[in-house]
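# Observations on chain architecture
The primary structure of each chain is shown beneath.
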Amino acid sequence: SYRTYSEINFVDNETPMGVIDGVNTVFELSLNPIEGSDHLYLNGLLQDEGVMFDYDITGRIITFNIPPPIGSIILCSYRYN
């Protein structure tokens, strides 16, 4: 869902685009999040951002360090301009 409040725009619980096949690690958001505003959940668990942690994000592209297992649910909430 999308919402706007006081010049701040939010996206809540977006499912990033990409195939969850146990091999793919790259997923794409519909908008560019403001740096540091993203909260990414894999199967309900908040993931840690950074190349040495669970995932990295550059622009709209999310790259997991370990491919999400088949049947996983990925959700991302973030702010954007």
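The structure under discussion appears in the preceding block.
Residues numbered from 1 in each chain as written. Predicted model: local features only at pLDDT ≥ 70, side-chain atom pairs only at ≥ 80, totals over all residues. Heavy atoms only, no water.

## Comments concerning the sheet that holds strand β6 (residues 55-58)
Overall, antiparallel pairing links the 3 strands, which are arranged β3-β7-β6 in an open sheet. In the strand order of this sheet, the two ends are held by β3 (26-28) and β6, each with one partner. Between one strand and the next, the sheet's axes are offset by a mean angle of 20 degrees, whatever the strand orientation. Direction of pairing for β3 relative to strand β7 (residues 61-64): antiparallel, over a ladder of 3 bridges. Across the sheet, V26 pairs through a bridge with T63, a residue of β7. (Pairing = 2+ DSSP bridges. Helix = DSSP H or I, 4+ residues; strand = E, 2+ residues; numbered from the N terminus. Axes fitted to C-alpha atoms, helices over the stretch in contact; angles between N-to-C directions.)

## So, the environment of S37
Note on placement: S37 falls in the loop between β3 and β4 (39-42). Filtering out sequence-adjacent residues up to four positions away, S37 remains in contact with S77, Y78 and R79. Among the polar contacts made by the side chain of S37, one reaches the main-chain carbonyl oxygen of I34 at a distance of 2.7 Å. Within the local environment of S37, its side chain forms a polar contact with the backbone nitrogen of R79, the two atoms lying 3.1 Å apart. (Contact = heavy atoms within 4.5 Å. Polar contact = N/O pair within 3.5 Å; in protein donor to acceptor, adjacent residues only side chain to side chain.)

## Regarding the pairing of β4
Remember that side chains alternate between the two faces of the sheet whenever the strand is regular. By the alternation rule, side chains of β4 split into L40 and L42, which are all buried, and H39 and Y41, of which none is buried. As defined by bridge partners, β4 adjoins strand β8 (residues 74-80) across 4 bridges and the pair is classed as antiparallel. Within β8, the residue paired with H39 across the bridge is S77. By the bridge criterion, 2 bridges tie β4 to strand β5 (residues 45-46) in an arrangement that is antiparallel. Residue Y41 lies in a different strand from β5, and its bridge partner there is L46. The loop that links β4 with its antiparallel partner β5 comprises 2 residues; one of these, N43, has a positive phi angle of about 55 degrees. (Buried < 20%, exposed > 50% of the residue type's maximum accessible area, 1.4 Å probe, protein only.)

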